[in-house]
Amino acid sequence: DVKVTQSSRYLVKRTGEKVFLECVQDMDHENMFWYRQDPGLGLRLIYFSYDVKMKEKGDIPEGYSVSREKKERFSLILESASTNQTSMYLCASNGQTALNEQFFGPGTRLTVL
Amino acid sequence: DQQVKQNSPSLSVQEGRISILNCDYTNSMFDYFLWYKKYPAEGPTFLISISSIKDKNEDGRFTVFLNKSAKHLSLHIVPSQPGDSAVYFCAAKHGNKLVFGAGTILRVKS
C-alpha cells in the first residue's frame, strides 16, 4: 500500500513564526503536491513538484515556499506565518500513470495565533 | 474561477436509499474525473474514477455517470450505509494536476 506520512497531525504556531511541514512518501512517486483544505473551498493546490529540486506554483502559492531535496520528501514552508494560513494542509503523491490518482497523507491541522 | 463545482454543500439520506452527489465542470480538456472520500482528521482516499471517453463506471455500490454534453457528473451510492457518511470531493484531471470541487458532506441516517 502507498503510504504518505506528514510530520505532525496538529500544530499551533504564532504569527510571524517560520513553519515547516514535512511530507514523506514510500512509493518512489515522481510527483508530490501540497494542498490546503478550507470549508466551502475544497482542496486548493499550493505547490507541486515533478522531480527532485523541481517545483511549480499551484493556484495559491503566496506566502508559501517548498523544498524537494530528495525524491521521497517534499517540504512546505511558511516563511512568516499569518492567521489566514490557519488551515488543514494535505500532502499527496502520484506516479506517472494515465489516471494520475493521487494518494494523500493524513493532513496537518495548523493553527496560527 | 471555479472549474469544478459541487453545488450542494450537504446531503442527508436514509440508510438503504440511494445517495446522488453531483458535480459540474467547465473545462473540456479534463481527461479523467475522480471521486475522493474524506473522513474527519484523515486525508482523502480515492473512491472511483471515469475516463472522459466513457459515460459510466461501476464499482460495487458506487457508480459514476458522466454527461459530457452537459459537463456534469454524478456519483451514485446504492444502498447507502452509515459508514458512507463523509465529505465527498469531485476532482478533474488535466495534465498532472487535479482540480477539486468544494466537497459535499453526506450524512446517512440509520
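Reading the values: rules and limits
Numbers given for residues are sequential positions, taken from 1 along each chain in its written order. Ligands are numbered from 1 and chains lettered from A, in the order in which they are written. Reporting of local features is limited, given that this is a predicted model, to residues whose pLDDT is at least 70; pairs of side-chain atoms are given and counted only at 80 or more, and all residues count toward the totals for whole chains, interfaces and linings. For side-chain calculations, the full set of non-hydrogen atoms in the structure is used, while hydrogens and water are omitted. Secondary structure elements are defined from DSSP: runs of H or I of at least 4 residues count as helices, runs of E of at least 2 residues count as strands, and each element is numbered from the N terminus. Only C-alpha atoms enter the radius of gyration; for comparison, a globular chain is expected to reach 2.2 Å times N to the power 0.38, where N is the number of residues. Summary of the burial criterion: residues with accessible area below 20% of their type's maximum are buried, those above 50% are exposed, and those between are partly exposed, where the area comes from a 1.4 Å probe applied to protein chains only. In what follows, a contact means two residues having at least one pair of non-hydrogen atoms within 4.5 Å. Per-residue accessibility takes into account occlusion by the displayed protein chains alone, with areas from the Shrake-Rupley method and a 1.4 Å probe. Charge counting follows a simple rule: Lys and Arg are positive, Asp and Glu are negative, and His as well as the terminal groups are ignored. Where a charge lies is defined by one atom per residue type, namely NZ (Lys), CZ (Arg), CG (Asp) and CD (Glu). Here a strand pair is declared whenever DSSP counts at least two bridges between the two strands. Any pair of cysteine sulfurs within 2.5 Å is marked as a disulfide. Residues belong to one nonpolar core when they are buried, are Ala, Val, Leu, Ile, Met, Phe, Trp, Tyr or Cys, and are joined through side-chain atoms within 4.5 Å. Pairing of aromatic rings covers Phe, Tyr and the six-membered ring of Trp, with a centre-to-centre limit of 6.5 Å; geometry is then stacked below 30 degrees between planes, edge-to-face above 60, and tilted otherwise.

Considering the overall build of chain B
- Looking only at helices and strands, chain B has zero helices and 11 strands in total.
- Ordering the α and β elements of chain B from the N terminus gives β-β-β-β-β-β-β-β-β-β-β.
- What you see for chain B is a C-alpha radius of gyration of 13 Å, in line with the 13 Å of a compact globule of 110 residues.
- The principal-axis extents of the C-alpha atoms in chain B amount to approximately 40 × 30 × 20 Å.
- A total of 110 residues make up chain B; the buried ones form 45% of that total.
- Sequence-distant contacts, at least 24 apart, represent 53% of the contacts inside chain B between residues at least 6 apart.
- Of the roughly 5300 Å² of accessible surface on chain B, a fraction of 49% belongs to carbon and sulfur atoms.
- Counting 13 positive and 9 negative side-chain charges, chain B places the centres of these two groups 3 Å from one another.

Comments concerning the overall build of chain A
- Helix and strand counts for chain A stand at zero helices and 11 strands.
- For 113 residues, the compact-globule formula gives about 13 Å, and the C-alpha radius of gyration of chain A, at 13 Å, lands near that figure.
- Projecting the C-alpha coordinates of chain A onto the three principal axes gives extents of approximately 40 × 30 × 25 Å.
- Among the 113 residues that make up chain A, the fraction classed as buried is 50%.
- Summarising the internal contacts of chain A: among those between residues at least 6 apart in sequence, 55% fall at separations of at least 24.
- When the accessible area of chain A is evaluated, it comes to approximately 5400 Å², of which 50% is carbon and sulfur surface.

Side note on the sheet that holds strand E7 (residues 62-67) of chain B
All names here are of chain B.
- Read from one edge of the open sheet, five strands run E1-E3-E8-E7-E6, paired in antiparallel fashion. Two strands bound the open sheet, and with one partner strand each, they are strand E1 (4-5) and strand E6 (56-59).
- The pairing of E1 with strand E3 (residues 19-25) spans two bridges and is antiparallel. Its bridge partner being in E3, Lys 5 is matched across the sheet by Asp 24.

Here we look at the state of the cysteines
All names here are of chain B.
- Scanning the entire structure with this criterion turns up two disulfides over all chains.
- Disulfide partner of Cys 23: Cys 90, at an S-S distance of 2.0 Å. As the torsion about the S-S bond is roughly -75 degrees, the Cys 23-Cys 90 disulfide counts as left-handed. Placement of the pair is Cys 23 in strand E3 and Cys 90 in strand E9 (residues 86-94), with a sequence separation of 67 residues.

Looking at the nonpolar core
- With 23 residues, the main nonpolar core has Phe 33, Trp 35, Leu 73, Leu 75 and Tyr 88 of chain B as its most contacted residues.
- Look past the residues within four positions of Phe 33 of chain B in its chain and what remains in contact with it is Tyr 25, Ile 48, Ser 49, Ile 50, Ser 52, Leu 66, Leu 73, Ala 91 and Ala 92 of chain B.
- Judged by nonpolar contacts, the second largest core, of 20 residues, contains Ile 46, Tyr 64, Leu 78 and Val 112 of chain A.

Description of the packing of aromatic side chains
- Scanning the model with the defined rule gives 14 aromatic pairs over all chains in all.
- Ring centres 6.1 Å apart and planes at 80 degrees place the aromatic pair Phe 30 of chain B and Phe 33 of chain B in the edge-to-face group. As far as the burial class goes, Phe 30 of chain B and Phe 33 of chain B line up, both buried.
- Taken together through their ring pairs, the aromatic side chains of Phe 33, Tyr 35, Phe 48, Tyr 50 and Phe 104 of chain A together with Tyr 36, Phe 46, Phe 89 and Phe 100 of chain B make up a single cluster.

Side note on the pairing of strand E8 (residues 72-77) of chain B
All names here are of chain B.
- Most of E8 is tucked away: five of the six residues are buried.
- Relative to E8, E3 is paired through six bridges, and the arrangement is antiparallel. Following the sheet pairing, Leu 21 is matched in E8 by Leu 75.
- In this sheet, E8 lies alongside E7 in antiparallel orientation, the contact comprising six bridges. Across the sheet, residue Leu 66 finds its bridge partner in E8, namely Leu 73.

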